[in-house]
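Listed below, chain by chain, are the residues.
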Amino acid sequence: MRLLMRASTIVGRPVVSLGGDLIGEIKDVVFNRGEGRVVGFTLNNSGFLSGPRKESLPWDGVHALGPDAVMVRHEQSLAPQNDVLGRSDARGGSVLGARVLTDAGADLGEVTDAIVDVEDRADVVGYEFVASDALAERKGRALFIPIPDTLAVSGENLIVPAAAADFVGDDLAGFGADVENFRARLSEGR
Amino acid sequence: MRFTETKKHKVVDVTTAEQVAQVDGLVVDPDQQAVVAVRLRKVKGTGTVVPWSDLKSFGPDAVTVEGTASFRDAADEHERRAVGLDILGVLVLTDQGRAVGRVDDVDFDPGTGMISSVITDGGEIPGANILGLGAHALVVTEPRES
């Protein structure tokens, strides 16, 4: 079972301990693009003390990532910021605005968000993008494209297998199935 | 009995038949899922809390004690923090990060102090599901889908 979420919606979410204390709020999502996953989050303090927090939250410190709060066991679940940023890679920066390019050379559109499976390892399973005319009658719509475990990505381009275009989804609710079907197709192809 | 029903409770010393305090609020221990002390106001004498085990009884109109020697202040930071919290009105979050609602009331056994359920505007939660209580939220286990 996958629990899919737009990475951008996690920003600003409160971080709460299982003891009911407010630890802070999510400032940035830190990615390791090479591993295709979220490695952690930087934090802001909340309330009138708001401003960046020195400590960050590594993914393994997260108890659960829910629609209303990110739950952690306790304040000791946090780690020095360098620990979390150190798990990012040189390509950890934003892919927002990058072109979704198939390995057959078709430009499918512009990336607007990363889709993360927050159930287990915080894998990036796909991207939300605004469709170009390569997708004909769906041009201009916000769509979802699944990605394989490894893919080439820069600030300018996201390279997807041509087959991914067959599994482009219209909504996040059904996207989990699109991801499963795409991955099944990839393992058949090998 | 409900927490909201205790707001006007007097605290009466049965040895003197005098009112010695009023109930200001009920102190909850989330680990025991129970009321563990009564926070006091308008105290004749000193002390701001009385531990549950030092109560003679918790009745529908009054709390009774035998003498006021057990009235004291919070002993350490841990107790101070618990005494300062009011569960009524607090946000309820599950341990999976989902907001259930806010606490409207708490149902407890006046004989033992055990919390049987938490009544929220998003539904009722068994006392056994309580994981933690802090200044920001009451954290409860996510109910299992049947």
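Fair warning: this is a prediction, and the values are worked out from it, not measured in the lab. (Residues numbered from 1 in each chain as written. Chains lettered and ligands numbered in written order. Predicted model: local features only at pLDDT ≥ 70, side-chain atom pairs only at ≥ 80, totals over all residues. Heavy atoms only, no water.)

Caption draft 1: Structural context of the overall build of chain A. Counting its secondary structure elements, chain A contains 3 helices and 14 strands. Computed over its C-alpha atoms, the radius of gyration of chain A comes to 17 Å, within 12% of the 16 Å expected for a compact globule of 190 residues. Dimensions of chain A, computed from C-alpha atoms along their principal axes, come out at roughly 50 × 30 × 30 Å. Relative to its 190 residues, chain A shows a buried fraction of 48%. Counting contacts in chain A only where the partners sit at least 6 residues apart, residues at least 24 apart contribute 49% of the total. Here chain A has roughly 8800 Å² of accessible surface; of this, 49% comes from carbon and sulfur atoms. The centroid of the 19 positive side-chain charges in chain A is displaced by 2 Å from the centroid of its 29 negative side-chain charges. (Helix = DSSP H or I, 4+ residues; strand = E, 2+ residues; numbered from the N terminus. Rg over C-alpha atoms; globule rule 2.2 N^0.38 Å. Buried < 20%, exposed > 50% of the residue type's maximum accessible area, 1.4 Å probe, protein only. Contact = heavy atoms within 4.5 Å. Areas by Shrake-Rupley, 256 points an atom, 1.4 Å probe, with all protein chains shown as cover. Lys, Arg positive; Asp, Glu negative; His and termini not counted. Charge placed at Lys NZ, Arg CZ, Asp CG, Glu CD.)

Caption draft 2: Structural view of empty space enclosed by the protein. Residues and elements named next belong to chain A. In total, this model carries 1 cavity of 30 Å³ or more according to the counting rule given. Looking at the largest cavity, its volume works out to about 30 Å³. Every residue along the wall of the largest cavity is listed here: Arg33, Gly36, Val124, Tyr127, Ile147 and Leu151. Split into classes, the residues belonging to the lining of the largest cavity amount to 4 nonpolar, 1 polar and 1 charged. (1 Å grid on protein atoms, 1.4 Å probe; cavity = no way out; pocket = protein on both sides within 12 Å on 5 of 7 lines; lining within 4 Å. Points joined across faces, edges and corners; volume = space filled by probe spheres on them. Nonpolar A, V, L, I, M, F, W, Y, C, P; charged D, E, K, R; others polar.)

Caption draft 3: Representation of the interface of chain A and chain B in the model. Counting residues at the interface gives 15 residues for chain A and 16 residues for chain B. Its largest share of buried area at the contact with chain B, chain A owes to Leu18, Gly20 and Asp68 of chain A, together 35% of the area lost on that side. Our count for the contact surface shared by chain A and chain B stands at 1 salt bridge. A salt bridge links Arg81 of chain B to Asp21 of chain A; the nearest nitrogen and oxygen atoms lie 2.9 Å apart. Put simply, chain A and chain B have 10 residue pairs in polar contact (both at pLDDT 80 or more) between them. (Buried area = accessible area lost by both parts, 1.4 Å probe. Salt bridge = Lys/Arg side-chain N within 4 Å of Asp/Glu carboxyl O. Polar contact = N/O pair within 3.5 Å; in protein donor to acceptor, adjacent residues only side chain to side chain.)

Caption draft 4: Main features of the environment of Glu75 of chain A. All names here are of chain A. Mapped onto the elements of the fold, Glu75 is located in the loop between strand S8 (70-72) and strand S9 (79-80). Those residues in contact with Glu75, other than ones at most four positions away along the chain, are Ile23 and Arg53. A distance of 3.0 Å separates polar atoms of two side chains, one belonging to Glu75 and the other to Arg53.

Caption draft 5: Quick peek at the nonpolar core. Counting 44 residues, the largest nonpolar core has Phe41, Leu57, Leu65, Tyr127, Phe129 and Ile145 of chain A as its most contacted members. Listed in part, the 32 residues of the second largest apolar core include Val38, Leu85, Ile125 and Leu138 of chain B. (Core = buried A, V, L, I, M, F, W, Y, C linked by side-chain atoms within 4.5 Å.)

Caption draft 6: Broad picture of the sheet that holds strand S12 (residues 137-140) of chain B. Residue and element names in this part refer to chain B. Strand order in the open sheet formed by 6 strands is S10-S9-S8-S7-S12-S11, and the pairing between neighbours is mixed. Strands with a single pairing partner mark the edges of an open sheet, and in this sheet they are strand S10 (123-126) and strand S11 (130-133). Between one strand axis and the next, the sheet turns by 35 degrees as a mean value, whatever way the strands run. When strand S9 (residues 115-120) meets S10, the two strands line up antiparallel, connected through 4 bridges. (Pairing = 2+ DSSP bridges. Axes fitted to C-alpha atoms, helices over the stretch in contact; angles between N-to-C directions.)

Caption draft 7: A look at the packing of aromatic side chains. Residue and element names in this part refer to chain B. Tallying each qualifying case throughout the model produces 7 aromatic pairs over all chains. Ring geometry for Trp52 and Phe58: centres 5.6 Å apart, planes at 20 degrees, overall stacked. Given a relative accessible area of 14%, Trp52 falls into the buried group. Ring centres of Phe58 and Phe108 lie 5.4 Å apart, and the angle between their planes is 80 degrees; on these two criteria the pair is classed as edge-to-face. In this pair, Phe58 sits in strand S5 (residues 57-58) while Phe108 sits in strand S8 (residues 99-108), placing the two residues 50 residues apart along the sequence. The two residues Phe58 and Phe108 agree in class, both being buried. Cluster of aromatic residues (ring-pair linked, three or more members): Phe3, Trp52, Phe58 and Phe108. (Phe/Tyr/Trp six-rings, centres within 6.5 Å; stacked < 30°, edge-to-face > 60°.)

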